[in-house]
Amino acid sequence: QQQVKQSPQSLIVQKGGISIINCAYENTAFDYFPWYQQFPGKGPALLIAIRPDVSEKKEGRFTISFNKSAKQFSLHIMDSQPGDSATYFCAASRDAGGTSYGKLTFGQGTILTVHP
Amino acid sequence: GAVVSQHPSRVICKSGTSVKIECRSLDFQATTMFWYRQFPKQSLMLMATSNEGSKATYEQGVEKDKFLINHASLTLSTLTVTSAHPEDSSFYICSATGLAGGGREQFFGPGTRLTVL
C-alpha cells in the first residue's frame, strides 16, 4: 500500500513537444506529491509539488495534474527542451507524525530524452 | 536557500575499510535527515531516517551495524559504511527537511559515489 507506480519507464520527445509522465498510488493517507528531476551523477532536485486539495498546479513549463478519486497524478512538461533530458521521479508522503513524517515513497523513475 | 552539501563527492576504498560520508544543511536547520541509496538506472531506496539527538530509524532490510548514522546537530548527519565490501558500492544521497514549508519539502544533497575495490 506504500507503492507509487510510475510510467512510462522511458520517454522520447521532440523539442517543443509535451512530455507526460504518470504516477498512481494506493495509500489514501498520502497528502503531499512532489516531482523531482535528476541529472546523471547528481542528487534529485524538486521541480514542483502538489497537495490533494487542488487538481492542478503550474510553475512555468511544468504542470502537475492531480486526480484524487483515481489516485493518480501526472507531470506535464510543455515546450520540452533538450536541457530537460533527465530522469524524473514522482513521490508521495504522508503526515503520520513521529518517524514517518515527511518520508517519501518514490516511483520507479522515467528517463526523458528530448531530441533537438 | 535550502542547500544541502555532501562530502566527499566520490570515494574509492579497499574492501574491509570504513568510509564516512557527511551531509550538511548549509542555510537552514534540518529537523530530519534521510539517507538514500541508488543503484544505476534505479530509483532511490530509503535507508534510514534520523532526527537530531536521537537514534536513526532504519528501513527493513538495512543493517544497522553496517550503516552507522549519527545526527549530531541540526546541520550535520554522517553515514559510516563499516567494513565496506564491493556490494556496498553505490550512489549515496542524503536529504534534509526543515521547518520551512511545514517540514514536507526534502532538499537533496549532490550525492556521494562509493566504489569499494
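Below you will find a few notes about this structure. On a predicted model such as this, the values are computed, not experimentally measured, just so you know.

1. Considerations on the state of the cysteines
In protein chemistry, a disulfide is the covalent bond that joins the sulfur atoms of two cysteines.
Reasoning step 1: Evaluated as defined, the whole model comprises two disulfides over all chains.
Reasoning step 2: One disulfide in the model links C23 of chain A with C90 of chain A; its S-S distance is 1.9 Å. Taking the sign of the S-S torsion, -95° for the link of C23 of chain A and C90 of chain A, the bridge is left-handed. With C23 of chain A in strand 3 (residues 19-25) and C90 of chain A in strand 9 (residues 86-92), this pair connects stretches of sequence that are 67 residues apart. Summarising the burial analysis for this pair, C23 of chain A and C90 of chain A share the class buried.
Reasoning step 3: Across a sulfur-sulfur distance of 2.0 Å, C23 of chain B and C94 of chain B are joined as a disulfide pair.

2. Digging into the interface of chain A and chain B
Reasoning step 1: Chain A puts 22 residues into the contact, and the matching count from chain B is 21 residues.
Reasoning step 2: Each partner contributes to the roughly 1,800 Å² buried at the junction of chain A and chain B, and carbon and sulfur atoms together form 52% of this total.
Reasoning step 3: At the surface where chain A touches chain B, the tally comes to one salt bridge.
Reasoning step 4: E59 of chain B is the salt-bridge partner of K103 of chain A, the closest N and O atoms lying 3.2 Å from each other.
Reasoning step 5: At the boundary of chain A and chain B, one finds five residue pairs in polar contact (both at pLDDT 80 or more).
Reasoning step 6: Among the residues making up the side of chain A that touches chain B, the classes are represented as eight nonpolar, eight polar and six charged.

The rules we used
- Residues numbered from 1 in each chain as written.
- Chains lettered and ligands numbered in written order.
- Predicted model: local features only at pLDDT ≥ 70, side-chain atom pairs only at ≥ 80, totals over all residues.
- Heavy atoms only, no water.
- Disulfide = S-S within 2.5 Å.
- Helix = DSSP H or I, 4+ residues; strand = E, 2+ residues; numbered from the N terminus.
- Buried < 20%, exposed > 50% of the residue type's maximum accessible area, 1.4 Å probe, protein only.
- Contact = heavy atoms within 4.5 Å.
- Buried area = accessible area lost by both parts, 1.4 Å probe.
- Salt bridge = Lys/Arg side-chain N within 4 Å of Asp/Glu carboxyl O.
- Polar contact = N/O pair within 3.5 Å; in protein donor to acceptor, adjacent residues only side chain to side chain.
- Nonpolar A, V, L, I, M, F, W, Y, C, P; charged D, E, K, R; others polar.

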